[in-house]
Structures are given as C-alpha cells and as structure tokens.
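What follows is each chain in one-letter form.
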Amino acid sequence: MSRTADTAGISADETAVLVGHGSRRDKSNEAVRTLAAGLEDRLGVSTDAAFLELAEPSIPDAIGTLSHSSARITMIPLSLFAASHVKNDLPLAMKRARSDHPGIRFHAGAHLGLHPAILSLLDERARDVEATLGVDREEDDVAVVLCARGSSDPDSNADVHKLARLLYEGRSFTRVEAGFIGVTEPLLEDALHDVAKMRPDAIVVLPYMLGDGVLTGRIREGAAEFDDEYPYVTATAGDPLGTDTRLLDVLADRWQEARTDSVDMSCDTCKYKLELDGYEEDEGGARAMLRALTHQQAHEDRKDVADEPHGHDAPEAHLAVCTNQTCAADGSPAVMETLRQAARDADADVHVTRSSCLNQCGDGPIVAQYPDGVWYGSCEEADADRIVSAVERDRIVSDLVHQTLWPTPDSGVTMSCDEIEALRLGLMNTLGTTDDAVQRHAEQELGDALDGNTPIAALAGAESVAELQRHLDAALVELEEELAALDPDNPAYGYTRGRLVAVRDAERALARFADTGESFLDDLGKSHRTLHEVFPVEEWPVQADCADQSLRLIGSERELNASWTTSGSSRETGNATQLVFQSQDRNRQ
C-alpha cells in the first residue's frame, strides 16, 4: 500500500530520525522506538527515535549522536495531524540542527495525515468492535464516531472531519462522525448523542490516537457511560492505532517525500500563514515563533524529565512548583502537596505540577501560575488556600507576587511589561472597576514609569476608550524604537520582541472592545427607532422625552462604563425587538 519509491541509490551515510511527542509513560515512548526499529528495517536506513519533550533523547541529542556518521538526516514527525508541534516546534528544531551541524544536509517530513493505510487500519479496528458487539455493518445499522484529541488549530480539526468522511465513503456504515475528547467541538459526548438520534443498532467509537494512554481511557469511559445511558443503542470503544505495521507504510512515504523535497503542507489553511476568521490573533510568524520558543524553553532541562511541568488538558490554570535543590530545601514539596489538596477541596480546575529550576534561587519556594504569568515567591503551606482561591476568582495574592519575573540569567536585566500593566490601570479607570490587589501590583511594577508626561503614565490614567487607544499607540511606537535599538544578541532582545507581540495583541483586543461598544449603541438606536414606529409619540405621551434621552446616551458614548459581548448585546436587543413586534401584532389584532 505504500507509495514509497525505489530506495536504490541511498548512501551508507544517510540516516533518519522518527520524532515522537514524548511521554512520562515508558510504554508510550517504547512504542515510538518500536516503530523506529520497524522503519529502519523497512527503509534499510539507520533510524533513531527522538522526542520533542518529556523523554530522552531530545532532538538535539539524537542528531548529535548521528552527526558523527551522517551526511544526510531526515526527520519524520510521528504526529497524526499538523498542529503547533509540526508547524512550529519541528521547524525550529530543524533550524537549530542546521546551525549546529552546517556540514549535514537536513530534511523535514510531514505528519501522518490522510493515507490509505490509515483508513485500512481504522476499518479493521471498526470490524474488531463489530465482532465484539455481534453486529455486521452489511446487515445492521452501524454508526461510527471517530474521536480525536482535538486541537486549537482549525486545519488539524478539519482533517479529522475529512478522515471521518473518507472512512464513510465506500463502506456500509450508516453514518461516520468526528468527535473530540477536548479543546474543540463537538465533544465525544455530544457526537454520541447526535448519532443516537438515528437509532442505529450499534455505535463504534474509534479512538484516533497512537498510544493507549490517558486520553484513550477517557474515550472508553465516555463510550461506556453513553452505553449505560442509552440501553437501546449499544456502544463500545475500539483500540488505538498502536504500532501496527501499516503505519510503517505511511512513515516510509513521508520519509521519501522529505528526502526528495516534495513535502506538501496545508499552507492555504494554516492559521500561522494567513488570517482565518476566529483565529486572527494567531496570525503571523512572530506569534508562532514566540509560542515555539516558549514551549521549547519550558522543556529545555532534560536531566530529569519527570520534573517537567506539562498540562495538555488545558486546565483553567496551571501552578508549577519549583522542586529543584534550593526550593526543595525551603519546603517546596510540602507546598506542592498542600496546593494539590487545596485544589481538590475546592473542586477547582487547577493543575498542580512540579517544575525544574525557575532561575529564582534563594527566593523560593517559587510557584508559577499560568497562563496568567504570575510568579509567587517565599510561599508556605499556609498560602495554598489563598493561591487556589485567587485563581478561582481571577485574582492574585499581591503580598506573594515575586517582582523579578522572567529575568535573563546573569544578564542583570529585570523585565516588566509596562504597556500591559498601564493598559490594565487605564481600562479599570474607564470601566469604573476596582481591584485593590491588581492596582497595587500594577503600581509596584510600573514604579517611576507612572511619573512624568509619558505614554505609559497617560495610558494608566486614561478615562475613555478613545484615550486608551491614543496612548497605547504612542506606547507602541516607543516600544518599537526600544526593540530596534537592541542588538539581537542582547539578553533582553527575545523578551522585548515577545513583549511587542503581546502589546500588539492587546491593541487589537482594545479595538474589538471599542467596535463592540459601537455595535451595542447601534443596536440600542435600532430598538429606539422600532419603539417609536410601533408606539407613535402622539399615542404614548410618556415617550416624548425619548429624543433627549437618546442624545444624552449618544453623547456619553465614550464613557460607557459597562462590560458586554457582541453576542450577548445582540441577543438581548433581538429579544427586545421581538417583544416589540409581538406587542405590535396584538395591537393590530
């Protein structure tokens, strides 16, 4: 089934690297090594396994080993679809490899993607489940839910739906639908309930996973719960792809594509290459590179991979506790366990893990809260309840906040994002919001920047959305000049560039906020006009002062102290308009 070309002409100094994600479960990592060994036999080319994170060897280590005997190295990602790892992390690793080993020719392969061998494998997994259930798709109504992990990348999610359709074509299934275990919709539970409306005899749930791990377990549990809830529909989950030899067909094709420079990536639907509706903030290489660098840095220290924090389930918040030597001596293991117990007691969606060194030695125990980017120092067990409670309420524990966030080691540079903190203060002024903890933290971080006639000071004191936009634009100009003046080798360059990306994101978010306010006011105006059309002033004298009220409302447009969403305002206005027209119909009757 493989389309791999004749491998004649391969030199003895050509090698390959099969790149797996990496896991704390040895069984998952061993599966990658098993496939690497199988691929070596298939290709007749020395093939090693490497991992993006959480397992050894890392990609640089694997390449370093192969570099002594290789003139040409092809990297093949063991990834089902193309999301951030394939689009960001692997190209970054490739660039690093070319820089470290200029005498070696490198190629990067594509993800597994859509392939006839995978369809054949899924078909067989479905037949195994049918045999267990005692049904036959040729005679019974058998539906399939193909359940994937789910991604924040629309291109990856779209491929799951395409794979489900291809599995349906030419086979006798009643229906084949895509579902996801997390991150995006439809979730497995919703997909199962939707399919059940057709009253099939059986539903086959196919985990679209490589290994048999935590997510596969959740899929099995979801299928079992559904089976209990719907006694008239039998549902069972099958096995993941595993190390089936048909995967070697796909990997061999991806290897051949890479070494002949004929890799076909889906750039026309890639959120990092063009603006897609709903993913505007993810546009552009700068943000993609920032994400890849951040992800790589979080897993750079591989001396003890069990200490690496990683929360792929995307909890509401992630607390990483430094348990390296200095923090551990100060009691960080006890702090970590107390935080976990506090999260369990509060039933909070907070993931607590250990972390390797956070470069804040002597100020610990250090607790880093993501995605907020808040680092706490000198934490004690007694602080656990306060930290978890603050996470739940979207607050911070101000007296624990560590003030030297993300300094570059040995650089003497203390980094702070003045523009973001000033914008928070200005937005609080505009909305009339009071949060003493946030206020104190922002004022402490800004310090002397609040003094004088500067864009930062003006931004922090702004009292309208128009002022916020004007002063943020000025602050951005200063920040761009600051970045342009830095040498790329300067320890502060990477952070300052990331800071510029973050502030530009904030500028776009502020523009959307202003547009939403305009839309809300427009909706109010439409409702006002509709009321006058339905209830003329001469019939309802009480409405006579509406014009004056409307003018006052429009005059205070930039001082609207409210928080809203476009969908919410449109929905409420729509409901109000509907009631008006219902009243109009009753009057006519």
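Residues numbered from 1 in each chain as written. Predicted model: local features only at pLDDT ≥ 70, side-chain atom pairs only at ≥ 80, totals over all residues. Heavy atoms only, no water.

(A) Examining the sheet that holds strand β2 (residues 46-51) more closely. As summarised here, the arrangement of the 4 strands in space is β2-β1-β3-β4, forming an open sheet in which the pairing is parallel. On the outer flanks of this sheet lie β2 and β4 (105-108), each paired with one strand and no other. Averaged over all pairs of adjacent strands, the angle between strand axes in this sheet comes to 25°, irrespective of strand direction. Relative to β2, strand β1 (residues 14-20) is paired through 6 bridges, and the arrangement is parallel. Counted as the bridge partner of V17 is D48 from β2. Lying over the sheet, helix α3 (residues 84-100) contacts β1, β3 (72-77) and β4, oriented at roughly 175° with respect to β4. (Pairing = 2+ DSSP bridges. Helix = DSSP H or I, 4+ residues; strand = E, 2+ residues; numbered from the N terminus. Axes fitted to C-alpha atoms, helices over the stretch in contact; angles between N-to-C directions. Contact = heavy atoms within 4.5 Å.)

(B) Quick peek at the pairing of strand β11 (residues 367-370). Across 4 bridges, strand β9 (residues 317-322) lies against β11 in antiparallel orientation. The residue of β11 that forms the bridge with H318 is Y370. Relative to strand β12 (residues 374-376), β11 runs antiparallel, the two sharing 3 bridges. Note on β12: the bridge partner recorded for A368 is W375.

(C) The arrangement of the sheet that holds β11 in detail. Taking strand neighbours across the sheet as the criterion, the 4 strands line up as β10-β9-β11-β12 in an open arrangement whose pairing is mixed. Whereas interior strands pair on both sides, the edge strands pair on one side only; in this sheet they are β10 (350-355) and β12. Between one strand axis and the next, the sheet turns by 20° as a mean value, whatever way the strands run. Lying on the sheet, helix α11 (residues 332-346) is in contact with β9, β10 and β11; it crosses β10 at an angle near 170°. In this fold helix α12 (residues 384-392) packs onto β9, β10, β11 and β12, with an angle of close to 155° to the strand it touches most, β9.

(D) Seen up close, the state of the cysteines. Per the stated rule, a full pass over the model turns up 0 disulfides. For C327, which is in no disulfide, the shortest distance to another cysteine sulfur is to C322 and amounts to 3.7 Å. Here C379 is not cross-linked by a disulfide; its sulfur's nearest cysteine counterpart is in C327, at 9.1 Å. (Disulfide = S-S within 2.5 Å.)

(E) Just the nonpolar core, in detail. Judged by nonpolar contacts, the single largest core of 47 residues is most densely connected at L18, L112, L122, L167, L206, Y208 and L251. Counting residues per element, this core draws most heavily on helix α4 (residues 116-133), which supplies 7 residues. Excluding residues that lie within four positions of it along the chain, L206 makes contacts with L122, R125, A126, V144, V145, L146, C147 and L167. Counting residues in each nonpolar core, the second largest holds 24 residues, with M336, A343, V388 and V401 among its members. (Core = buried A, V, L, I, M, F, W, Y, C linked by side-chain atoms within 4.5 Å. Buried < 20%, exposed > 50% of the residue type's maximum accessible area, 1.4 Å probe, protein only.)

(F) Seen up close, the packing of aromatic side chains. Taken as a whole and assessed by the stated rule, the structure comprises 3 aromatic pairs. Measuring from centroid to centroid gives 5.5 Å for F81 and Y208, while their planes differ by 45°, and the two rings are tilted. Linking F81 in the loop between β3 and α3 with Y208 in the loop between β7 (202-207) and α7 (214-229), this pair joins segments that are 127 residues apart in sequence. Here the two residues F81 and Y208 agree in accessibility, since each one is buried. Taken together, F226, Y230 and Y232 form an aromatic cluster joined through their ring pairs. (Phe/Tyr/Trp six-rings, centres within 6.5 Å; stacked < 30°, edge-to-face > 60°.)

(G) Summary view of the pattern of salt bridges. One pass over the structure, following the stated rule, counts 24 salt bridges. A salt bridge links K87 to D155, with the shortest nitrogen-to-oxygen separation between them at 3.4 Å. With a gap of 68 residues between them, K87 in helix α3 and D155 in helix α5 (residues 154-168) connect regions that are remote in the sequence. Of the charged contacts, one joins D123 and R171 as a salt bridge, the two residues approaching to 3.4 Å between their closest N and O atoms. With D123 in helix α4 and R171 in the loop between α5 and β6 (175-180), this residue pair connects regions lying 48 residues apart in the sequence. Given the relative accessible area of 15%, D123 is considered buried. Taking relative accessible area as the criterion, R171 reaches 23% and is therefore assigned partly exposed. One connected set of salt bridges, linked through shared partners, spans D123, R127, E130, R137 and R171. (Salt bridge = Lys/Arg side-chain N within 4 Å of Asp/Glu carboxyl O.)

(H) Main features of the packing of helix α6 (residues 188-196) against α7. Orientation of α6 relative to α7, taken along the N-to-C sense of each, is 35°, at an axis distance of 10 Å. For α6 against α7, the interelement crossing comes out right-handed. On α7, the residues touching L188, L192, H193 and A196 of α6 are I219, G222, A223, F226 and E229. A class-by-class count of the residues in the contact of α6 with α7 yields 6 nonpolar, 2 polar and 1 charged. (Left-handed = near helix turned anticlockwise from the far one by under 90°. Nonpolar A, V, L, I, M, F, W, Y, C, P; charged D, E, K, R; others polar.)

(I) Spatial organisation of a negative patch on the surface. Residues E185, E189, D190, E221, E225, D228 and E229 make up a contiguous surface patch of negative charge. The biggest single contributor to the negative patch is α7, with 4 residues. Secondary-structure assignment places D190 in helix α6. D190 gets classed as partly exposed once you look at its relative accessible area, which sits at 42%. (Patch = residues over 30% accessible without salt bridge, like charges linked within 9 Å, V, L, I, M, F, W, Y side chains within 5 Å. Areas by Shrake-Rupley, 256 points an atom, 1.4 Å probe, with all protein chains shown as cover. Lys, Arg positive; Asp, Glu negative; His and termini not counted. Charge placed at Lys NZ, Arg CZ, Asp CG, Glu CD.)

(J) Expanded view of unusual backbone geometry. Here E56 and P57 are connected by a cis peptide whose omega angle stands at 5°. The peptide bond linking E185 to P186 adopts the cis configuration, its omega dihedral lying at 0°. Position of P186 relative to the elements: it lies in the loop between β6 and α6. The phi dihedral of D261 falls on the positive side, at around 55°, and the residue is not glycine. The phi dihedral of S378 is positive, around 55°, even though this residue is not glycine. You can see S378 is positioned in the loop between β12 and α12. What makes S378 partly exposed here is its relative accessible area of 46%.

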